[in-house]
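What follows is each chain in one-letter form.
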Amino acid sequence: MGTNIVKAYGTQSATDSLKEINIQRREVTANDIEIEILYCGVCHSDLHTARNDWGGSVYPAVPGHEIVGKVTKVGAGVTKLKVGDHAAVGCLVDSCRTCASCKEDLEQYCLNGFVGTYNGKDKHLGGQTFGGYSEKVVVDEHFVLKVPSNLDLAATAPLLCAGITTWSPLRHWNVGKGSKVAVVGLGGLGHMAIKLAKGMGAEVTLFSRTPSKTKDALALGADAVVISNDEDQMAAVKGKFDVIIDTVPYVHDVNPYITTLNISGTLVLVGYLGGLEPILNTVPMILGRKSVAGSLIGGIAETQEMLDFCGEHNIVSEIEIIKMQEINEAYERMLKSDVRYRFVIDMASLK
Ligand code: NAP
Ligand code: ZN
């Protein structure tokens, strides 16, 4: 199988900064689509992976799983898209396609392990997969999404992770007209959760530690903002919410949020991975049939459903466009929660 060498940005270790490197992409096989990457969103997971926060990062690591671009080549068997079309790739580039999860369009829960867009096991070239901080990517058409033509391309990129990661739990827990939804943390995922829940007809409240984000949250569509370290404000929303989407990336106390759930309400963790501290108090859960749950991105069919919904409702991300060379500063700003509300890399800067 032939290969081609493309420019990318990656890091050689958890403590290095990201720099220009060369990586390999495979030549298209029968079902592959080659995409020239035009924009790539910057997810907090990119930073977690670059710095090995979760363990298991393989180096060099090239992050990026909010990819939009233009089709430059297709394999003989490809029917989904043609050369010149816009195309998108999210967090998944492969899965077994045969297990019970894959058969239910839940590729993210593939029982044999999904292949992540970066830091996954590359079945074609060996080694690890490399993400969207690069000129091109080659992906099986099953894992390539169609982009609604009315949406701004750069602002669509974050839908591929921040969008689907918040869409999937909102749908799974049946959010709709009249639902009372709260979102914890106003970053990339949080701002998409507000827009999508609002689009579904819910009443939406933001929990934030950052009072200066209040005005933005209301402009994004939130009906109310609760400053999470203000006890009076927290007490005022006791027992209110049907669903809470918690996007906080680091360990934090979830107990105060559980008291704001209604009877049978669910708090869905999508941000932090790991053991909770302080420990979870089961008393309010048992006395109110409340759940604490988790959720991982979304399947391919569901991602297309979310993109089509965003096309119909004109929903995109609020973005700040950066050059590839500005990625290390962008990570530092992300660590200070100073993102309004997603960085998107203009890949032309890598040329
Ligand atoms: P982000 O843009 O950095 O936003 C996170 C927000 O959380 C911040 O803006 C801040 O909001 C709040 N926050 C940050 N640190 C906090 C702390 N120590 N305590 C309390 N609140 C804090 O990050 P993101 O890209 O939205 O990603 C959020 C998390 O989701 C990351 O851990 C990422 O890896 C994970 N993720 C998970 C999935 C999945 O499938 N489950 C998919 C994508 C990403 P305020 O200033 O409003 O408090
Ligand atoms: Zn992500």
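## Details of a nonpolar patch on the surface
Phase 1 of the analysis: The grouping of Tyr-109, Phe-114 and Leu-296 at the surface amounts to a nonpolar patch, some 230 Å² of accessible area in total.
Phase 2 of the analysis: As for its position among the elements, Leu-296 is in the loop between strand S14 (291–294) and helix H10 (300–313).
Phase 3 of the analysis: The exposure class of Leu-296 is partly exposed, given its relative accessible area of 34%.

## Remarks on the coordination of the zinc ion (ligand 2)
Phase 1 of the analysis: Distances from the zinc ion (ligand 2) to its protein donors, Cys-43 (SG), His-65 (NE2) and Cys-161 (SG), fall within 2.0 to 2.2 Å.
Phase 2 of the analysis: Between consecutive donors of the zinc ion (ligand 2), the numbers of intervening residues give the motif C-x21-H-x95-C. Of this pair, Cys-43 sits in the loop between strand S3 (32–42) and helix H1 (44–50) while His-65 is found in the loop between H1 and strand S4 (67–74), placing the two residues 22 residues apart along the sequence. We note that Cys-43, like His-65, is buried.

## Side note on the site of ligand 1
Phase 1 of the analysis: In the region of ligand 1, 27 residues are neighbours, and His-44, Ser-208, Thr-210, Ile-297 and Arg-342 sit closest.
Phase 2 of the analysis: Between a nitrogen atom of ligand 1 and a main-chain N or O atom of Ser-295, the distance comes to 2.9 Å.
Phase 3 of the analysis: For ligand 1, whose accessible area on its own is 930 Å², the fraction buried by protein is 91%.
Phase 4 of the analysis: Going through the elements one at a time, H1 and helix H5 (188–199) are the ones with two or more residues in the shell around ligand 1.
Phase 5 of the analysis: It is H1 that contributes the most residues to the shell around ligand 1, 3 residues altogether.
Phase 6 of the analysis: Its residues assigned to classes, the shell around ligand 1 comprises 11 nonpolar, 13 polar and 3 charged.
Phase 7 of the analysis: When residues of the shell around ligand 1 are assigned to domains, at least three map to each of domain 1 (3–161 + 298–350) and domain 2 (162–294).

## Things to note about the domain arrangement of the protein
Phase 1 of the analysis: Each assigned domain of the protein is listed with its residue range as follows: domain 1 (3–161 + 298–350) and domain 2 (162–294).
Phase 2 of the analysis: Each of domain 1 and domain 2 was reduced to a C-alpha centroid, and the two centroids are 27 Å apart.
Phase 3 of the analysis: Every contact between the two is made by 26 residues of domain 1 and, on the other side, 25 residues of domain 2.
Phase 4 of the analysis: Interface of domain 1 and domain 2: buried area, both sides summed, is about 2,100 Å²; carbon and sulfur atoms make up 57% of it.
Phase 5 of the analysis: Of all residues in domain 1, the largest losses of buried area upon contact with domain 2 belong to Cys-161, Phe-309 and Tyr-341, amounting jointly to 26% of the total for that side.

## Some words on the side chain of Ser-208
Phase 1 of the analysis: Looking at the secondary structure, you find Ser-208 in strand S10 (residues 203–208).
Phase 2 of the analysis: Within polar-contact distance, the side chain of Ser-208 engages the backbone nitrogen of Thr-210 at 2.9 Å.
Phase 3 of the analysis: Those residues in contact with Ser-208 that lie beyond four places of it in its chain are Lys-213, Val-226, Ile-227 and Ser-228.

## Regarding the packing of aromatic side chains
Phase 1 of the analysis: Per the stated rule, a full pass over the model turns up 3 aromatic pairs.
Phase 2 of the analysis: Each ring, one from Phe-207 and one from Phe-241, has its centre 5.6 Å from the other, and the planes form 80°; the classification is edge-to-face. Here Phe-207, found in strand S10, pairs with Phe-241, found in strand S12 (residues 241–246); they are 34 residues apart in sequence, far enough to count as distant.
Phase 3 of the analysis: Judged by centre distance (4.9 Å) and plane angle (65°), the rings of Phe-207 and Tyr-257 are edge-to-face. In this pair, Phe-207 is assigned in strand S10 and Tyr-257 in helix H8 (residues 255–258), connecting sequence segments 50 residues apart.
Phase 4 of the analysis: Residue classification places Tyr-257 among the buried positions, given a relative accessible area of 8%.
Phase 5 of the analysis: An aromatic cluster of three or more residues is present, and its members are Phe-207, Phe-241 and Tyr-257.

## As for the packing of helix H4 (residues 162–172) against H5
Phase 1 of the analysis: Two elements in contact, H4 and H5, have axes separated by 8 Å at closest approach and are oriented at 50°. As far as their axial angle goes, H5 and H4 are oblique. Read as a crossing pair, H4 and H5 show a hand that is right-handed. Between H4 and H5, the contacting residues are Ala-162, Gly-163, Thr-165, Thr-166, Trp-167 and Leu-170 on the first element and Gly-188, Leu-189, Met-192, Ala-193, Leu-196 and Ala-197 on the second.
Phase 2 of the analysis: Residues belonging to the contact of H4 with H5 are distributed by class as follows: 8 nonpolar, 4 polar and no charged.

Basis of the calculations
- Residues numbered from 1 in each chain as written.
- Chains lettered and ligands numbered in written order.
- Predicted model: local features only at pLDDT ≥ 70, side-chain atom pairs only at ≥ 80, totals over all residues.
- Heavy atoms only, no water.
- Patch = residues over 30% accessible without salt bridge, like charges linked within 9 Å, V, L, I, M, F, W, Y side chains within 5 Å.
- Areas by Shrake-Rupley, 256 points an atom, 1.4 Å probe, with all protein chains shown as cover.
- Salt bridge = Lys/Arg side-chain N within 4 Å of Asp/Glu carboxyl O.
- Helix = DSSP H or I, 4+ residues; strand = E, 2+ residues; numbered from the N terminus.
- Buried < 20%, exposed > 50% of the residue type's maximum accessible area, 1.4 Å probe, protein only.
- Donors = N, O, S within 2.8 Å, 3.2 Å for Na, K, Ca; no water.
- Near = heavy atom within 4 Å.
- Polar contact = N/O pair within 3.5 Å; in protein donor to acceptor, adjacent residues only side chain to side chain.
- Nonpolar A, V, L, I, M, F, W, Y, C, P; charged D, E, K, R; others polar.
- Domains from an automatic or database assignment.
- Contact = heavy atoms within 4.5 Å.
- Buried area = accessible area lost by both parts, 1.4 Å probe.
- Phe/Tyr/Trp six-rings, centres within 6.5 Å; stacked < 30°, edge-to-face > 60°.
- Axes fitted to C-alpha atoms, helices over the stretch in contact; angles between N-to-C directions.
- Parallel < 35°, antiparallel > 145°, perpendicular 65-115°, else oblique.
- Left-handed = near helix turned anticlockwise from the far one by under 90°.

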